[in-house]
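Chain by chain, the residues:
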Amino acid sequence: RLATLTEKARALWRQTARGERSAHRRGRGEAEFHGLRDWQRGDSRRWIHWRSSARRGEIVVREFEHQEHHDLAILLDLTATGNITRRQVEITERAVSIAATFAAQACAEPAARVVLAIAADREVVLSGGSSTSLRGEMLAALAEVEAHAITSADDARIHEGRLRAAVDEITRFARSD
């Protein structure tokens, strides 16, 4: 079941998409050139526009306009050690609902990239550009996934492999910035 994001969650979503929360870590590869401005403390040397700096006699840097994007990576680990209790089933349902809500939101955003990696009774990895078809695939996978009980050392090794594959897929999918 899809939930509704609170106003605080929507505001955080918008801030992240505009780069307001992580601008110091974002690269400029995804931003469009906007113009030139005077150098400021903290600017990268890579942004210096050397010709204009030489012409003006002072350092100027390229200014970039951030493109908004709502890229999202979801890693859902639905395993439990021992037998699965009723409480664990409820927690699993809530986790699946939260993952579905964020996946649906990201798939509705233009130019977003989304990856969903699930380690549970089976490994599921879905990724791509935002679209209604990706949304449908992700919601269908989330509707069918079930919690998985780890009851032996063999189960633990299998789960570790599934989880590692899911993390590897997210890492491969991530943008360089």
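Residues numbered from 1 in each chain as written. Predicted model: local features only at pLDDT ≥ 70, side-chain atom pairs only at ≥ 80, totals over all residues. Heavy atoms only, no water.

## Here's the deal with the overall build of the protein
Logical step 1: A tally of helices and strands in the protein yields five helices and seven strands.
Logical step 2: Its helices and strands in sequence order give the protein the pattern α-β-α-β-β-β-α-β-β-α-β-α, from N to C terminus.
Logical step 3: Of all 177 residues assigned to the protein, the portion counted as buried reaches 33%.
Logical step 4: Within the protein, contacts between residues separated by at least 24 positions form 66% of all contacts whose residues are at least 6 apart in sequence. (Helix = DSSP H or I, 4+ residues; strand = E, 2+ residues; numbered from the N terminus. Buried < 20%, exposed > 50% of the residue type's maximum accessible area, 1.4 Å probe, protein only. Contact = heavy atoms within 4.5 Å.)

## Remarks on the sheet that holds strand S3 (residues 72–77)
Logical step 1: As summarised here, the arrangement of the three strands in space is S3-S5-S6, forming an open sheet in which the pairing is mixed. Two strands bound the open sheet, and with one partner strand each, they are S3 and strand S6 (123–129). Averaged over all pairs of adjacent strands, the angle between their axes in this sheet comes to 5 degrees, without regard to strand direction.
Logical step 2: Here S3 pairs with strand S5 (residues 113–119) via six bridges, running parallel. (Pairing = 2+ DSSP bridges. Axes fitted to C-alpha atoms, helices over the stretch in contact; angles between N-to-C directions.)

## Focus: the environment of Asp38
Logical step 1: Relative to the helices and strands, Asp38 is located in strand S1 (residues 32–38).
Logical step 2: Residue class for Asp38 comes out partly exposed when judged on its relative accessible area of 43%.
Logical step 3: Between the C-alpha atom of Asp38 and that of Val60, which follows or precedes it by 22 residues, the distance is 4.5 Å.
Logical step 4: Ignoring sequence-local partners within four residues, the contact set of Asp38 consists of Asp43, Arg56, Glu58, Ile59, Val60 and Val61.

## Brief notes about the confidence of the model for the protein
Logical step 1: Residues with a pLDDT of 70 or more make up 83% of the protein, whose mean pLDDT is 82.
Logical step 2: Mean pLDDT per element in the protein: helix H1 (residues 7–18) is the minimum at 74, and helix H4 (residues 132–144) is the maximum at 94.
Logical step 3: In this model, residues 21–30 is a region of pLDDT below 50 whose contacts with residues beyond four sequence positions or in other chains number 18 contacts. (pLDDT = per-residue confidence, 0-100.)

## Quick word on the side chain of Thr92
Logical step 1: Here Thr92 shows up in helix H3 (residues 86–107).
Logical step 2: Not counting chain neighbours up to four residues away, the residues in contact with Thr92 comprise Leu78 and Ala147.

## Concerning the pattern of salt bridges
Logical step 1: Taken as a whole and judged by the stated rule, the model has six salt bridges.
Logical step 2: Its salt-bridge partner being Arg122, residue Glu144 comes within 3.8 Å of it at the nearest N-O pair. Highlighted residues: Glu144 in helix H4 and Arg122 in the loop between S5 and S6, separated in sequence by 22 residues.
Logical step 3: Given a relative accessible area of 54%, Glu144 falls into the exposed group.
Logical step 4: With relative accessibility at 32%, the residue Arg122 sits in the partly exposed group. (Salt bridge = Lys/Arg side-chain N within 4 Å of Asp/Glu carboxyl O.)

## Observations concerning H3
Logical step 1: Here H3 is 22 residues long and its end C-alpha atoms lie 31 Å apart, about the 32 Å a rise of 1.5 Å per residue gives.
Logical step 2: If you check which residues of H3 are buried, you get Thr92, Val96, Ser97, Ala99, Ala100, Thr101, Ala103, Ala104, Ala106 and Cys107. (Expected span 1.5 Å × (residues − 1).)

## Some words on the environment of Phe173
Logical step 1: Of note, Phe173 is situated in helix H5 (residues 153–173).
Logical step 2: The sequence separation of Phe173 and Ser127 amounts to 46 residues, and the corresponding C-alpha distance is 7.9 Å.
Logical step 3: For Phe173, the contacting residues outside a window of four places in its chain are Leu72, Arg113, Val114, Val115, Ser127 and Gly128.

## Thoughts on the nonpolar core
Logical step 1: Counting residues in each nonpolar core, the largest one holds 22 residues, and the members touching the most others are Leu76, Leu78, Ile118, Met138 and Leu142.
Logical step 2: For this core, the secondary-structure elements that each account for two or more residues are S3, H3, S5, S6 and H4.
Logical step 3: One finds Val115, Ala166, Ile170 and Phe173 within the second-largest nonpolar core, a separate group that totals five residues. (Core = buried A, V, L, I, M, F, W, Y, C linked by side-chain atoms within 4.5 Å.)

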